[in-house]
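# A look at the structure
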Amino acid sequence: MKRIVIANCGGFWGDDPAAPRRQVEGGPIDYLVMDYLAEVTMAILQKQRARHPETGYPADFLSHLRDVLPTCAQRGIRIITNAGGVNPLGCRAAVEALARDLGIADRVKVGLVVGDDLFGSLDGLLSSGEPLTNMDTGQALSEIRARVLSANAYIGAAGIVKALEQGANVIITGRVADAAVTLAPMVHEFGWSPTDWDHLASGVVAGHIIECGTQCTGGNFTDWPLVNTYRKIGFPLVEVEEDGSFVVTKHPNTGGMVSVHTVAEQIVYEIGPPAYVTPDVVARFDSVRLAQEGPDRVKVTGARGEPAPAKLKVSISYHAGWRAFGRLLVSGPEALAKANKVAEAFWDAAGGRGSYDQALHQFVGWNACHAPLASCEPGEVLVQFAVRDHDERKINSRFAPQIVPRVLGTVPGITYIADQGRPRASEVVAFWPALVARESVAQRVIVGEDDSAI
Amino acid sequence: MPSDRRTVRVPLMKLCLARSGDKGDTANIGVIARSEAIYEWILEHLTPAFVKRHFDDVCQGEVERFELPNLLAVNFLLHRSLGGGGTLSLLLDAQGKTYAQYLLAAEVEVPEGLIHADSRDAHQHEQRHV
């Protein structure tokens, strides 16, 4: 029976840069999947591109690729990544330049999947009768239209599958559903049909389990004392069979662990109802079975799927004002009482909490993450002040300069954070989830000179 | 009192594992029972009302619960719990990543038998934490 191995090498843009090499060199794999696009990333990339038209994709991708591309090209490992950001064509040019630089241009064939980026066609969509209403609040997009920074549809696996069929070995997309990069090679290798719901669901479950990298291999795990070591933690692999069942594992001689519990915790991570909606299939997370097949090997079977939704999800980002944070450290005795005194004096100096759109302070070391767990007074607390406002100048002129003066003008046992300096307002980007008809998203696949519609 | 009626007070972590994260302004906490008997107990006692009470100071909205019996799991959605969510939030833990640990620290009264029948994982956890 045919079996393929898909390796994830990071859960977000900024994950361990050693991961790609560790996954490629740690043992046999067939596919390497790399994720670079958090929601907020798209807004940052659109701004970059507006200033410098050749940018608009995460530049880190190129240094990661440099580490592994020669080995991947030599061993026939295919790379699938959403590193195209809002400029997949620019990203391709950079990858091709890198391949030439490495002397392997003849062995690298780049495939592009485009069409997710709706930023330039928003007004056309609105006038053609796509309201792009906020799914959560029901508000009309017109309320924030002037402040939109990016707009991308979450597209499915079909474009990547087509690029694989055309022989591409580095496939670059913009925004695709997180699980699509893992599902696509399965569809390609096993020839699953677009209505083979149970198999597709299996691929989505696999993609969901590995898309946050080491969170399924012992990271962020309740029973952390069972994890032998976190040093050189192994990133996840899935070994997939033709019938859609798969084993979650990691390379030998790596840290972390893979157990029924480490995998189950990740299945329930950041989900809503057990019917998990993707562009390709609705995967029933309440159907899969987990079994420990061996040390660091968990077998996943029984996934059931339901037909894909009629519409695609769109993530629109928009400017939503400014915010800033400032911190002071208050040590004991009576750290809490003193910290409260400091907060009172600070807000008075900063013009009052009520003068900002939102303002609060939290005592780190006591109650910043949730209500206090400690039964006795903390020895010291870090007071974190925070404001959000539509007026950048107000934050920089009234909030920011009032943090450090409290060190001299309030309680004893207070100090400031050496590397912090005066805070500055930074832009707040908010998100607007909406739906769009599939027909309104024109996907294309570009491999070499070939440019075809999906 | 017969032993099957005796109860003990334990942190929820002895009975369950959990992981939390965000979806906009909604936090999710997935809870996994350490045994089938514990899962039955969870279905009856670990209610949305229990979770809402425990997160009273951060959760401004409803708490919903979904069941995944195949994983001995339930998933809680805590609506309006992240100070506006993601990038809008001024909270230190704007993504609710710590909420699972806070829930597992909650003390609950359970039949003694439920603890003794629990999984090996839980015993190991207990031993290493002592």
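Everything below is about the structure shown above.
All right, on to the overall build of chain A then. Secondary structure assignment for chain A yields 12 helices and 20 strands. Computed over C-alpha atoms, the radius of gyration of chain A comes to 25 Å, within 12% of the 22 Å expected from 2.2 N^0.38 for 454 residues, which places it in the range of a compact globule. Counting across all 454 residues of chain A, residues that qualify as buried make up 50%. The contacts of chain A with a sequence gap of at least 6 include a subset with a gap of at least 24, amounting to 75%.

Residues and elements named next belong to chain A. Strand order in the open sheet formed by 11 strands is β11-β12-β8-β7-β1-β2-β3-β6-β4-β19-β20, with mixed pairing between adjacent strands. In this open sheet, the two strands that pair with only one neighbour each are β11 (289-294) and β20 (450-453). The sheet shows a mean angle of 20 degrees between the axes of neighbouring strands, taken without regard to direction. With respect to the sheet, helix α6 (residues 158-165) is in contact with β3 (78-81), β4 (110-114), β6 (170-173) and β19 (444-447), its orientation differing from that of β6 by roughly 155 degrees. In the packing of helix α9 (residues 260-267) onto the sheet, the strands contacted are β8 (246-249), β11 and β12 (297-301), and the crossing angle to β11 comes to about 150 degrees.

Our focus in this paragraph is helix α8 (residues 197-210) of chain A. When the terminal C-alpha atoms of α8 of chain A are compared, their 20 Å separation across 14 residues agrees well with the 20 Å that a helix rising 1.5 Å per residue should span. Extensive coverage of α8 of chain A is indicated by the burial of 13 of its 14 residues.

Residue Pro-333 of chain A is reached from Gly-332 of chain A by a cis peptide bond, and omega for that bond is 0 degrees. Its identity is not glycine, yet Lys-232 of chain A carries a phi of approximately 45 degrees, on the positive side. By the element assignment, Lys-232 of chain A lies in the loop between α8 and β7 (237-241). Classification of Lys-232 of chain A as partly exposed rests on a count of 14 C-beta atoms within 10 Å. Phi angles above zero are rare outside glycine, and Arg-80 of chain B is one such case at about 50 degrees. In this fold, Arg-80 of chain B is placed in the loop between β5 (73-78) and α3 (99-104). A count of 16 C-beta atoms within 10 Å places Arg-80 of chain B in the partly exposed class.

About the cut-offs
Within each chain, residue numbers correspond to sequence positions counted from 1 in written order. Working convention: letters from A go to chains and numbers from 1 go to ligands, in the order in which they are written. In keeping with the predicted nature of the model, local features appear solely for residues at pLDDT of at least 70, side-chain atom pairs appear and are counted solely at 80 or more, and the whole-chain, interface and lining totals rest on all residues. Helix and strand definitions follow DSSP, with helices as H or I runs of at least four residues and strands as E runs of at least two, each counted in order from the N terminus. Radius of gyration here uses only the C-alpha atoms, and the compact-globule reference equals 2.2 Å multiplied by the residue count raised to the power 0.38. Once C-beta atoms are placed from the backbone, each residue is buried if 20 or more other C-beta atoms lie within 10 Å of its own, exposed if 12 or fewer, and partly exposed for counts between those two. We call two residues in contact when the distance between their C-beta atoms, placed using the backbone, is within 7 Å. Here, a strand pair is defined by DSSP locating no fewer than two bridges between the strands. Note on geometry: axes are C-alpha line fits, over the in-contact stretch for helices, and angles between N-to-C directions span 0 to 180 degrees. Helix span is expected to be 1.5 Å times the residue number reduced by one.

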